[in-house]
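Each chain, letter by letter, is given below.
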Amino acid sequence: MSYFVQLRTFVEVYRCLNISRAAKNLGLSQPAATAHIQTVESAVGKSLFTRRHRGVEPTNIAHELAAQLGSHFDAIEQKMASTRSRSTDVQGTIALAGPAEYISYVASAQLANLLQGGNVTVTILPGNREQIYSALDSGNADLAITGSLPDSKVYDYQVLDSERLMLVAHRLLADALAQAPIDASVLNTLPVVSYDAQLPLIREYFDVIFKAHCRSPIVATCPDIRALAGIVRTGVGYSVLPDYLCHDDIRSGRLVQLGPEGPENNIYLAWRKGALAHPRVNYARDIMMAFSNINRYAFHRE
């Protein structure tokens, strides 16, 4: 007896941790999906899931079975989706989650190429890290752009681009510091503008470049990096920003690069495992990746 369909349902339930959501993704009724899981459990002679109030929890045997099967189903469905996308007109809406600043400054070029082919429309879901992954998990987003390394147990992903961290300030502040070497002790006497009180990007820059902690007084926080650049442009404090966001300001003289270039971070394109079975998602992934590394090539090769 072939268990292909039932095993596919098992993999989807394993990834969703919810039978109802998995059934919806596969176009099945919930009773049918439940029956598939029961069939697989009978075949392996073990329970695969523990039922919880809001979903299911995989057993150890489920973890083992999913590890053996998941990549094979993904490969089969990706091949099928690729064949369908070549043989039919791809159409529908792609929901893309990601950080507003990267989408505004860089990804618009990638999206333009996506919109020029086929009958695909795009819905943008801007947000922070938590909101981006939540949109993927809930199925509200088909693809996501993220600066954090996705969990390979839950998502598939590719490196889409990279960003270089830059230490910047207004030119008047930079002129006042011109007589002394820029180090952590100097910067810690100055006000800093940050995404939040945990000093993301700034903390990373200090760790890598100065091997020290940032102790600067925080004068402003805003969960939108574009606003941070605007505040620093007025002459208030300093900050660490992605190169794509401050490159034009540095070139025009509105901002000055204070120290050496900081660490280079990858930017990823991620999707839920199995999502490439949908031709429109597979097509969108291919187009986005065909125009990857836009920021790296535009700013790092000048």
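Residues numbered from 1 in each chain as written. Predicted model: local features only at pLDDT ≥ 70, side-chain atom pairs only at ≥ 80, totals over all residues. Heavy atoms only, no water.

*Asks:* What am I meant to see in the environment of T9 here?
*Replies:* If you trace the backbone, T9 turns up in helix α1 (residues 4-16). As for T9 and V40, which are separated by 31 residues in sequence, their C-alpha atoms are 9.4 Å apart. Excluding anything up to four places from it in sequence, T9 contacts L26, L28, A33, H36 and I37. Among the polar contacts made by the side chain of T9, one reaches the side chain of H36 at a distance of 2.7 Å. (Helix = DSSP H or I, 4+ residues; strand = E, 2+ residues; numbered from the N terminus. Contact = heavy atoms within 4.5 Å. Polar contact = N/O pair within 3.5 Å; in protein donor to acceptor, adjacent residues only side chain to side chain.)

*Asks:* Honestly, the pattern of salt bridges in this entry has me stumped. Any pointers?
*Replies:* Two side chains that carry opposite charge are able to pair once their charged atoms sit near each other. A complete count under the given rule lists twelve salt bridges for this structure. The shortest N-O distance in the salt bridge between R233 and D249 comes to 2.6 Å. Note that R233 is positioned in helix α10 (residues 225-233) and D249 in helix α11 (residues 243-252), a separation of 16 residues in sequence. Owing to a relative accessible area of 32%, R233 belongs among the partly exposed residues under this scheme. Residue D249 is classed as buried on the basis of its relative accessible area, which comes to 5%. As a salt-bridge pair, D248 and R251 come within 3.0 Å of each other at their nearest N and O atoms. Residue D248 and its partner R251 are both found in helix α11; the two are separated by three residues, about one turn of the helix. Using a relative accessible area of 58% as the deciding quantity, one classes R251 as exposed. One salt-bridge network, in which partners are shared between bridges, spans R164, E261 and E264. (Salt bridge = Lys/Arg side-chain N within 4 Å of Asp/Glu carboxyl O. Buried < 20%, exposed > 50% of the residue type's maximum accessible area, 1.4 Å probe, protein only.)

*Asks:* Sorry, what's going on with the packing of aromatic side chains here?
*Replies:* Between two aromatic rings, the relevant description is the distance of the centres plus the angle of the planes. Considering all chains together, one arrives at eight aromatic pairs under this definition. Measuring from ring centre to ring centre gives 5.5 Å for Y102 and Y244, while their planes differ by 85°; the resulting arrangement is edge-to-face. Here Y244 lies in helix α11 and Y102 lies in helix α5 (residues 100-115), a separation of 142 residues in the sequence. Across this residue pair, the class does not change: Y102 and Y244 are buried. A network of ring pairs unites the aromatic residues F10, Y14 and F49 as a single cluster. (Phe/Tyr/Trp six-rings, centres within 6.5 Å; stacked < 30°, edge-to-face > 60°.)

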